[in-house]
Amino acid sequence: MAAKAPIPVYTQLNDLYNNLGTTVDHATRWNNLAEEFEKRFGRKPAYIARAPGRVNLIGEHIDYCLFGVLPAAVERDILIAIAPRAHDVPGHTVADNLLPKYTRAAFAPSHNHNEPSDSAVRAEPWHLEINPAELRWESYVKAGYYGVLNQYFTPGSPVPVDLLVTGSVPAGSGLSSSAAMVVASTLAFLAVNGKLEPNLTNVGSKINKGELVQLAVRNETRVGVNSGGMDQAASVMCDASSALYISFFPTLSATPVALPHGAVFVCANSLVVSDKAASAKFQYNLRVVETLAAARALALRLGVMVGPKEAITLREVLGRHVGEKEGEEISVEKLEEALVKLSQEVEGLRPATSADGQLGVKLDEMIALTGLDTATFDELYFSRFQVEATYFQLYKRAKHVYDEALRVLQFRKICIGGGSLEQLGDLMNASQKSCAEVYECSCPELDQLTTLAREAGAIGSRLTGAGWGGCTVSLVPEAQVESFIAKVRDSYGPYKGLEGDKLSEVIFATKPSSGACVYKFERRNVERSNQLCSRQGCMP
Ligand code: GLA
């Protein structure tokens, strides 16, 4: 199973390039990064870690409720070249970026052993300063480093390093640049500290893909976002030829899903930057709290047993309501039936509409609906991440989650068992409607772009990722991709006049790419690389 598989560590360029399964000119990018590293730091890198972005085909804002999602990794990725440095304080890091707007940063982790353990962060052995209110590009590098330090260096000291980053996943585009950065950083620090590769007595890498996903998810909370595991799982576990059905309950698992013949998924960037971390208080983290409070309120209504300090999720409420055994998962057919049922039960959370048509509840009403006292509610839901709202939308959020989870299963069934592209398109359109009207995570530009996409020949179109900006994904028949892109270019205002690379920066057909991996520079590769130069670039 994908979660138990080792992280690929390549020492042969042929193996690496064959595995990537991408069409972009990767050899040039990898070479360029290695050469720049040598120019800037005076020696070759020891490793390059790669983590791709992802496009989510369907299943938005349900991963943190523990429902399955269906993303695919994309060709666009983050690469981090890294090498140890001699004679410096342990763990000291010089982080550079090929993009000049991201200036060089230097930082070192501090050891907390003499600090008072007055908070969860301070209680950890290692500390790195990350201020979620003032995030910089290297905050994501630090986030990846954090878990490596605290999981692998108690006791022990990390090596000092130089690293250089390059990325082709646009930030804030909904293609998961932050997870790609955090996964690549986690991998780079593991590799350079000898925590990734097998030693003589080990087979496979020391950390498997599932463990890397869990570590990267925890690492990403360091930038203040309480995200689910979809982005990290897609970035680590995807296959070059298919989408991935990722399930989070009862444990993380992933199975490849072949995409239907003749279907192409085209990403289009609305060019509205959606900074998940900056807006988390009013958007992403708020949605997480709303779904958790909805789950607790629904459990109370349905007489589902919940532990006094348990932050039960909507998936767990469903399972307990239909008598699912602990640690087991009901069949897909039963899950579909249960989702239909729970989508109806959610109606019980619908408040009597107020004069202004408001379907939300005020804070004190929300707490009352969960049956908790204020102190317990605060501790359970507000202690790690702050959120702010006048009205909390428990009914709407739970409704979207159950309906969207059902759409994922239907979409997957069509991909596996055959069905028409039109059926897939209908599910994508229904998902967009629900994201816009019920989950309220779209924005006018995304609504416009999905409408224009349908007018330009897309069978279905929806936002992808967290929303509130970023990209749409459209299902387009293979033969029409070119004309589709041209029509959208001519109709979406911000694209007018774009040609060539400028156009393919903002609207492009995706091709499923493989998950994260590491290239290791070995002395013998230097000799071999000379033969590879003419064909595939000459990295080492
Ligand atoms: C972001 C998060 C994911 C997921 C999506 C919405 O990308 O990182 O975990 O919740 O939003 O589906």
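Keep in mind that this is a model prediction, so the values were computed, not measured. (Residues numbered from 1 in each chain as written. Predicted model: local features only at pLDDT ≥ 70, side-chain atom pairs only at ≥ 80, totals over all residues. Heavy atoms only, no water.)

### A few points about the domain arrangement of the chain
One widely used convention gives an interface's size as the accessible area the parts lose upon coming together.
Phase 1: In terms of domains, the chain is made up of domain 1 (2-55 + 72-115 + 128-238 + 513-536) and domain 2 (284-436).
Phase 2: Taking the mean C-alpha position of each, domain 1 and domain 2 sit 35 Å from one another.
Phase 3: Residue-level contacts link 6 residues of domain 1 with 5 residues of domain 2.
Phase 4: Between domain 1 and domain 2, the buried area comes to about 440 Å², and carbon and sulfur atoms account for 54% of it.
Phase 5: Interface area lost by domain 1 to domain 2 is led by T221, G224 and N226, which between them contribute 77%.
Phase 6: Counting across the interface, domain 1 meets domain 2 through 0 salt bridges.
Phase 7: At the boundary of domain 1 and domain 2, one finds 3 residue pairs in polar contact (both at pLDDT 80 or more). (Domains from an automatic or database assignment. Contact = heavy atoms within 4.5 Å. Buried area = accessible area lost by both parts, 1.4 Å probe. Salt bridge = Lys/Arg side-chain N within 4 Å of Asp/Glu carboxyl O. Polar contact = N/O pair within 3.5 Å; in protein donor to acceptor, adjacent residues only side chain to side chain.)

### Let's talk about the site of the ligand
Phase 1: Taken together, 13 residues sit near the ligand, with E60, H61, D63, D231 and Y284 positioned nearest.
Phase 2: H61 has a polar backbone atom sitting 2.7 Å from an oxygen atom of the ligand.
Phase 3: Within the contact set of the ligand, an oxygen atom lies 2.6 Å away from a side-chain nitrogen or oxygen of Y284.
Phase 4: Contact with the protein chains removes 99% of the 310 Å² of surface that the ligand exposes when unbound.
Phase 5: Along the lines of polarity and charge, the residues of the shell around the ligand split into 4 nonpolar, 4 polar and 5 charged. (Near = heavy atom within 4 Å. Areas by Shrake-Rupley, 256 points an atom, 1.4 Å probe, with all protein chains shown as cover. Nonpolar A, V, L, I, M, F, W, Y, C, P; charged D, E, K, R; others polar.)

### Section: the packing of helix α9 (residues 314-321) against helix α10 (residues 332-345)
Phase 1: Between α9 and α10, the least distance of the axes is 10 Å, while the angle of their chain directions is 105°. On the basis of their axis angle, the class for α9 and α10 is roughly perpendicular. Counting all contacts with α9, which are made through R315, L318 and H321, the residues of α10 involved are L335, A338, L339, K341, L342 and E345.
Phase 2: Partitioning the contact of α9 with α10 into residue classes produces 5 nonpolar, 1 polar and 3 charged. (Axes fitted to C-alpha atoms, helices over the stretch in contact; angles between N-to-C directions. Helix = DSSP H or I, 4+ residues; strand = E, 2+ residues; numbered from the N terminus. Parallel < 35°, antiparallel > 145°, perpendicular 65-115°, else oblique.)

### A look at unusual backbone geometry
Phase 1: Residue T154 is joined to P155 through a cis peptide bond whose omega torsion reads 10°.
Phase 2: Residue position: P155 is located in the loop between α4 (137-152) and β8 (161-167).
Phase 3: A cis amide bond links F249 with the next residue in sequence, P250, at an omega value of 0°.
Phase 4: The phi dihedral of S176 falls on the positive side, at around 70°, and the residue is not glycine.
Phase 5: Assignment of secondary structure puts S176 in the loop between β8 and α5 (177-192).
Phase 6: Judged by its relative accessible area of 6%, S176 is buried.
Phase 7: The phi torsion at E440 lies on the positive side, around 50°, for a residue other than glycine.
Phase 8: Mapped onto the secondary structure, E440 falls in the loop between α14 (421-437) and α15 (444-455). (Buried < 20%, exposed > 50% of the residue type's maximum accessible area, 1.4 Å probe, protein only.)

### Thoughts on the UniProt feature "domain: Galactokinase N-terminal" (unreviewed entry) in the chain
Phase 1: Following the UniProt record, one finds the feature "domain: Galactokinase N-terminal" (unreviewed entry) at residues 35-84.
Phase 2: Secondary structure content for residues 35-84 is 14% helix and 54% strand, while the C-alpha to C-alpha distance between its ends is 17 Å. (UniProt positions renumbered as here; feature names shortened; annotations may be inferred.)

### Here we look at the sheet that holds strand β4 (residues 93-97)
Phase 1: Read from one edge to the other, the open sheet built from 7 strands follows the order β1-β15-β2-β3-β8-β4-β5, with strand pairing classed as mixed. Strands at the two margins of the open sheet, each flanked by one partner only, are β1 (9-10) and β5 (105-107).
Phase 2: Where helix α13 (residues 394-417) meets the sheet, it contacts β2 (47-58) and β3 (70-84), and its direction lies at approximately 100° from that of β2. (Pairing = 2+ DSSP bridges.)

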